[in-house]
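Secondary and tertiary structure notes
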Amino acid sequence: MSFTLAKLSEFTATTVVGDPDCEIDRVDSLQHASAGAITFFANTKLKQELKRTCASAVILQEVFLENCPTHALVTDNPYLIFAKIADLLNPLPVHEPGIHPTAVVARSAKIGEGCAIGPCTVIDDDCVIGNNTYIGPNCSIHKTCVIGEGCRIASQVTLCGKTVLGSRVIIHPGAVIGSDGFGLANEGTRWFKIPQLGGVQVGDDVEIGANTTVDRGTLGDTILEDGVKLDNQIQVAHNVRIGSHTVIAACTGISGSTTIGKYCSIGGGVGIGGHLQIADHVTLGGMTRMTRSLKEAGIYASGTPVQPYRKWLRSSALFNKLEELAGRIRKLEEQKD
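Quantities reported herein were computed from a predicted structural model and do not represent experimental measurements.

**Considerations on the side chain of S56**
Structurally, S56 is set in the loop between helix 2 (47–52) and strand 6 (57–60). There is a polar contact of 2.6 Å between the side chain of S56 and the backbone nitrogen of G36. In this structure S56 touches C22, I24, S34, A35, G36, A37, T70 and H71, once residues within four positions along its chain are discounted.

**Considerations on the pattern of salt bridges**
All chains considered together, the criterion is met by 8 salt bridges. Between R26 and D25 there is a salt bridge, with its nearest N and O atoms 2.8 Å apart. Overall, R26 belongs to the partly exposed group, its relative accessible area being 29%. R328 serves as the salt-bridge partner of E324, at 2.7 Å between the closest nitrogen and oxygen. One end of the pair, E324, and the other, R328, are both in helix 5 (residues 322–336), 4 residues apart, so they sit about a helical turn from each other.

**Considering the sheet that holds strand 36 (residues 277–278)**
Taken in spatial order, the 9 strands of this open sheet run 10-13-16-19-24-27-30-33-36, and their pairing is parallel. Two strands bound the open sheet, and with one partner strand each, they are strand 10 (110–111) and strand 36. In the sheet, strand 13 (residues 128–129) pairs with strand 16 (residues 146–147) via 2 bridges, with the strands oriented parallel. Note that in strand 16 the partner of I129 across the bridge is I147.

**Some details on the packing of aromatic side chains**
Inspection of the entire model under this criterion finds 4 aromatic pairs. For the pair F40 and Y79, a centre-to-centre distance of 5.4 Å together with 40 degrees between the ring planes defines the contact as tilted. Of this pair, F40 sits in strand 5 (residues 37–40) while Y79 sits in helix 3 (residues 78–89), and the two are 39 residues apart along the sequence. Among the residues examined, F40 registers a relative accessible area of 22% and is labelled partly exposed. Measuring from centroid to centroid gives 6.2 Å for Y309 and W312, while their planes differ by 20 degrees, and the two rings are stacked. Taken together, the positions of Y309 and W312, both in helix 4 (residues 309–320) and 3 residues apart, correspond to about one turn of that helix. Y309 gets classed as exposed once you look at its relative accessible area, which sits at 58%. When its relative accessible area of 39% is taken as the criterion, W312 is described as partly exposed.

How each quantity is defined
Residues numbered from 1 in each chain as written. Predicted model: local features only at pLDDT ≥ 70, side-chain atom pairs only at ≥ 80, totals over all residues. Heavy atoms only, no water. Helix = DSSP H or I, 4+ residues; strand = E, 2+ residues; numbered from the N terminus. Polar contact = N/O pair within 3.5 Å; in protein donor to acceptor, adjacent residues only side chain to side chain. Contact = heavy atoms within 4.5 Å. Salt bridge = Lys/Arg side-chain N within 4 Å of Asp/Glu carboxyl O. Buried < 20%, exposed > 50% of the residue type's maximum accessible area, 1.4 Å probe, protein only. Pairing = 2+ DSSP bridges. Phe/Tyr/Trp six-rings, centres within 6.5 Å; stacked < 30°, edge-to-face > 60°.

Structure (structure tokens):
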């Protein structure tokens, strides 16, 4: 599959500089691209690589045209345009509709038109699968699950009962949606498990990464609104609500009953406490430890940047003395007054 720069320009609403008939059949990096490939330039630290690139075309901002040795597509957002062209040149595989002979599908399950059900997958009673949905091998779809149209569920995915997916949801291998939340009551000498009676509601165009887990609600539902994007190995606890078009990077943990607003960006390895509120348009830097609600949009971070070990030991020792030092400062200020 190939496209001329003119066609790519039309598809992405960009401007061609150079030969509009130049043929593009793949995407590649600045350093490794060769004839027939298109790449992008968005990091000014790579200006020398731009000057040396052997790509047939580069996607970039107009201000960098003088450094470009080849044809170009000009845009204010090179990375986005690169993503759209990469998607166009690399369409998802088309799966032949049908149910594999080794799949087990309950008689009461309703399978839409154009669906493909992979080997050894089990679809339990009263499930509803929307049209043109793909479910890969070795998946387990428990009773009463509902899956919308055009979803793509990779291998080894488990959807527990009362899970509802919208349309065009993508779930990567090993994800578990709707497992029990971590609800326990103390009985003195032991813990008593609280029944988890809710479900999980997932909106349209949501993507859930590999080995990510989303727990069912204790009474109500855990909710992922439209357009939420979750990376790999994220834990979403019971009764969490994540607002539409929020993105969360890998290894983040979200404790129960926390609400995250719309259009938030949460970095990797973030720890979010329970029963907290995060406003819309909040950004949390990687490894942030969040213990209080954030009621205003903005960029937040916490944690100690990496430093030599001996210096860290000294800094840690000083940190433990902060309360004592603060007391001394107060006394000095009182004496001064």
